[in-house]
Amino acid sequence: MRKNRSAALAAASFLLLAGAGIAAAPAAVAGTPGGTHADDRNSDFNGDGYEDVLVGAPGATVSGKKGAGLVTVQYGSTRGIGTSNVARFSQSTAGVSGAAETGDGFGTAVATGDLDADGYDDAIVGIPGEDLGDKADAGGVALLWGSEQGLKGAASDWLQTQEPAAGEKFGSAVTAARLTSETPGDVLAVLDPGGLELFVYDAVPQARAAAPLKRLAVKGQSARAEQRNIRPTSLTTGDYDDDGFADLVVSGVTVGSEEPGHGWSSYFKGGEAVTWVRDLRGGPAAASGDINGDGYDDLVTGEPHSPDDGGETLTGGLVGVRHGSADGIAQDVKWWTQDSAGVPGTAERGDGWGADLSVADTDKDGYADVAIGAPGEDVGTVADAGAVWVLRGSAAGATATGARSWDQNSADIPGAAEKGDKWGAQVRLTDPNRDGRFGLLAAAPGENSGDGVVWVLSAGSGGVTAAGSWTYGAGSLGAPARGAAFGAAVDE
């Protein structure tokens, strides 16, 4: 039986850049329970074969503490997800390390993976606003272990850096995947503004007080340090070379005097070791999946505020697609904007097109499709109401043929476009009923004056459809709703 442990683990093993960063919720593609293969999705906490949905509400008031935060899990079934078979977790849940405190932001980042290879996926919750002693916003990560009954707060574990620093915000982004053969389970990757840390499960921790995880080294640090300065904000994984191990992409924006504000990503190959390969143009949002159906995952990056050389916003957002191959992620990239032929809408400054991304097969044709969020999209005269898009996959890659877009004024979409809703701040393609067609979750954390709402759009033979779509918020799941920012993070 796991004991509730609180331990400080070693400091960052690989630095991208020291500096502040805004967390973007990660996209994760990791192993089925047990971490059996890199390109299988993971979100099955009770091992029943149905994908579950983990949502963060970092603004929620818990035990009277505003912004303490919480997460919810909805268990998948033959009928998909609903509002009854759910669970809620916070630092006021029995067994979860720490205590709910104002501004902790529990659930700012969420991810899943089978860290201990026991057949049940585990939940990873980033808490970048956690205060440690007198170190404000040092940050931490809570691990909620999966079981036959689903997630449990009991026997949860805790991670923090060995020497916490004020403002470090450890846990600003998290993900897990089968990155290496050094462990039978998935590798945990944690981001703070100072860099990247990797952890593997250790069934026999060296000390009773230690968390059952040990640090994993990253190769190529010296070479990476000579590259451009990237402020990292998000993580994604995919098996880009189809070798059975996931690879890792750390995405962010450049800082400094040379071309500041441009999206760039660092690409690490998984295998016997996790090794830096090169940096790629594109970011800070990223997601992975096999868009052209060739067996290699492809990388999609989003740059919602793409600047020109003078630092001014050039477009309403830029999305790039790079294909995988036996050699990994390709150098060639196909760029998309709302002005690309066949893409609905028009690129306008401030749209934020590409602020969030998700990649999965919505119509079961064997090609993964690309969901794109644009929370800054104006709907008519309504500023920053937000909208979402789906570009289709094909043998040739992403295509605008059959592309669709929706906003809250679209037919069959509940609600109405309102200023500042930022619909599409999070987009996730999910298949909780296991029919092979991934429907769309579109979140608006700013809806209802910051309470946050998630929309569910199902998928059929033609892909995502608005017909029959419905909404829910934290209150629908029995959690505190006021100011919760529900949907600020959604794991896939």
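Cut-offs and rules
- Residues numbered from 1 in each chain as written.
- Predicted model: local features only at pLDDT ≥ 70, side-chain atom pairs only at ≥ 80, totals over all residues.
- Heavy atoms only, no water.
- Helix = DSSP H or I, 4+ residues; strand = E, 2+ residues; numbered from the N terminus.
- Buried < 20%, exposed > 50% of the residue type's maximum accessible area, 1.4 Å probe, protein only.
- Contact = heavy atoms within 4.5 Å.
- Areas by Shrake-Rupley, 256 points an atom, 1.4 Å probe, with all protein chains shown as cover.
- Pairing = 2+ DSSP bridges.
- Axes fitted to C-alpha atoms, helices over the stretch in contact; angles between N-to-C directions.
- pLDDT = per-residue confidence, 0-100.

K.L.:
Run through the overall build of the chain, naming residues and quoting values.
P.N.:
Within the chain one finds two helices and 32 strands. The proportion of buried residues among the 492 residues of the chain is 60%. Within the chain, residue pairs in contact and separated by at least 24 positions form 59% of the contacts whose partners lie at least 6 positions apart. For the chain, the accessible area works out to roughly 17,100 Å², and carbon and sulfur atoms hold 47% of it.

K.L.:
Help me get a handle on the sheet that holds strand β25 (residues 399-407), residues and values and all.
P.N.:
Taking strand neighbours across the sheet as the criterion, the four strands line up as β22-β23-β24-β25 in an open arrangement whose pairing is antiparallel. Each end of this open sheet is capped by a strand with a single partner; those strands are β22 (356-360) and β25. Across the sheet, the axes of successive neighbouring strands diverge by a mean angle of 20°, strand direction being ignored. Pairing geometry for strand β24 (residues 387-392) and β25, over five bridges, is antiparallel. Across the sheet, residue Val 388 finds its bridge partner in β25, namely Trp 406.

K.L.:
Lay out the pairing of β24 in plain terms, naming residues and giving numbers.
P.N.:
In terms of residue burial, β24 counts as a mostly covered element, since six of its six residues are buried. Relative to β24, strand β23 (residues 369-374) is paired through five bridges, and the arrangement is antiparallel. Each bridged residue has a counterpart across the sheet, and for Ile 372 the counterpart in β24 is Trp 389. Between β24 and β25, which follow one another and run antiparallel, lie six residues, and Gly 397 among them has a positive phi close to 110°.

K.L.:
Break down the confidence of the model for the chain for me, citing the residues and quoting the values.
P.N.:
Per-residue pLDDT for the chain has a mean of 87; in total, 87% of the residues score no lower than 70. Predicted confidence is poor over residues 1-39, with pLDDT under 50, and the contacts of this stretch with residues over four places away or in other chains come to 169 contacts.

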